[in-house]
Every structure is written in C-alpha cells, then in structure tokens.
Amino acid sequence: SVFDTYPEQFEDVSYGLGTALPPVSATIINDNASCRWIVPSTTTANWQETDFDDSLWEEGNTGIGYERGVGGITYTELLGTNGNVEAGTFNITGTCYVRIPFSLDGANTVTSLNLRMKYDDGFIAYLNGTLVASANAPENPSFNSLSTNSHSDSAAIIFQDFDITSSIGELNEGDNVLAIQMLNRALDSSDFLMLPELDLEKVDQDGALT
C-alpha cells in the first residue's frame, strides 16, 4: 500500500497521491506598458519606491527615448505614446527616470522572474525600491549620470535577459513598481532607448496563473 496508515474513509471523499503542477508563464509588464517618466533636474529622494508620488511626472507608454538619426537602425518604431524625451535630455543630461506600475496576485507562488531589456546605452532597474539589475551603470549614480559604456544600436533593439529570480522576495501582493534609471552615453547622443518586459512563472492551487 502507498499509505502507511490508510486514512479514515468517508462517503463521497476520495484519497490519492498529489501531482506536482507545472509553473505557468506570463508577461506582467509588456512593451507599450503605461508608465510615468521625468527628466530629473535635481536629486529626487526615494523615486524608486512603491509609494513615491509620481502624479506630476509625464504619463506615457514604453518605450522611452528618442531618435535623431535617419536611415540604418532607428528606434522610432519602438517609442511609445508620449515616450519621446529628446527635448529634456539631448545636450542636457544623460538620465531619465521611469516608473512602471503593475499588479500581481499570488506573489508568494512566483518561482522565477526575468527582466528583458532593450536599452541604449545603460540602465539601473529597481523592483519596489530594491536594485535588481543594471548594465553600463556607474557605481554611484546621480540624477544626471551618463552610462559607463556604449550599447550598440544593433544590440539595443534585441531583448537582453536579466534573471532576477533572486529578487522574488521583493514582490508585493497587489501593487508593485518597476523603476528604471535610463542612462545615455553622451549628452549629444543621436539616440536613447529603454523598453522593458517583465516575465514570471508561478503556480496556484489550480495550476493556473492568477
């Protein structure tokens, strides 16, 4: 018998061995996600935190950036509604702050978390205020930082995966925020881009994503 001690039997109640349910994948932040952004002109405390008031920031959709070039590889088709930040950044600063809210049910059942980024030239990503991924970022970033290296146009238009499964514990049940500091390589750069996706795997008691 598979049971050392067979449980007491009741009418219309069956017993058996459970089966582990496979995780279900979902994208919880898609491209063209609703966001708020600002080109900071001074230090902004706690802008990465979930409860930060961004009501005065610009509303838009990812991707965020600009494109001044013509021909060859361009980012024009990747920019979302009100996502062009050229007026505030070109020849002014290398940084733009972006906050992307998302809602999550069953945060305690998430088994993997993957941040996918199209970016030019660098970024720092925070999940509910905690740094979870970065590329070409200075060790001590400020409100007007530049990236430490270039990320080619051909590479920038391809999603790069950043496994942030180790940061699952930062997820909140309900309201969450992915906050990203965009970093350009030079003030007079011809282009700028940040386009994220956030994927997860999770299971609930029914084996279905909630």
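For the structure itself, consult the block above.
Owing to the predicted nature of the structure, the values given are computational and were not obtained by experimental measurement.

Moving on, we come to a nonpolar patch on the surface. Where nonpolar side chains cluster on the molecular surface, the patch consists of Ile73, Ile157 and Ile158 and spans about 240 Å² of accessible area. Relative to the helices and strands, Ile73 resides in the loop between β4 (64-67) and α1 (86-89). For Ile73, a relative accessible area of 37% gives the class partly exposed.

Strand pairing in a sheet takes place through backbone hydrogen bonds and is either antiparallel or parallel in direction. Read across the sheet, six strands follow the order β3-β2-β5-β10-β7-β8 without closing on themselves; strand pairing throughout is antiparallel. Edge positions in the sheet fall to β3 (58-61) and β8 (130-135), since each has one partner strand and no second. On average, each strand axis in the sheet is tilted by 25 degrees relative to the strand beside it, whichever way the strands run. Bridging between strand β2 (residues 34-38) and β3 involves four bridges; their strand directions are antiparallel. Across the sheet, residue Cys35 finds its bridge partner in β3, namely Gly60.

Turning to unusual backbone geometry, a few remarks are in order. With the exception of glycine, the majority of residues adopt a negative phi angle, and the majority of peptide bonds are in the trans configuration. Residue Thr62 is joined to Gly63 through a cis peptide bond whose omega torsion reads 5 degrees. Following the sequence through the fold, Gly63 ends up in the loop between β3 and β4. Asp120 connects to Asp121 through a cis peptide bond whose omega is 5 degrees. With respect to the helices and strands, Asp121 occurs in the loop between β6 (110-120) and β7 (122-127). Look at Asn32: it is not a glycine, yet its phi comes out positive at around 70 degrees. Note that Asn32 resides in the loop between β1 (24-29) and β2. Relative accessible area serves as the criterion here: at 45%, Asn32 is assigned to the partly exposed category.

Rules of the game
- Residues numbered from 1 in each chain as written.
- Predicted model: local features only at pLDDT ≥ 70, side-chain atom pairs only at ≥ 80, totals over all residues.
- Heavy atoms only, no water.
- Patch = residues over 30% accessible without salt bridge, like charges linked within 9 Å, V, L, I, M, F, W, Y side chains within 5 Å.
- Areas by Shrake-Rupley, 256 points an atom, 1.4 Å probe, with all protein chains shown as cover.
- Salt bridge = Lys/Arg side-chain N within 4 Å of Asp/Glu carboxyl O.
- Helix = DSSP H or I, 4+ residues; strand = E, 2+ residues; numbered from the N terminus.
- Buried < 20%, exposed > 50% of the residue type's maximum accessible area, 1.4 Å probe, protein only.
- Pairing = 2+ DSSP bridges.
- Axes fitted to C-alpha atoms, helices over the stretch in contact; angles between N-to-C directions.

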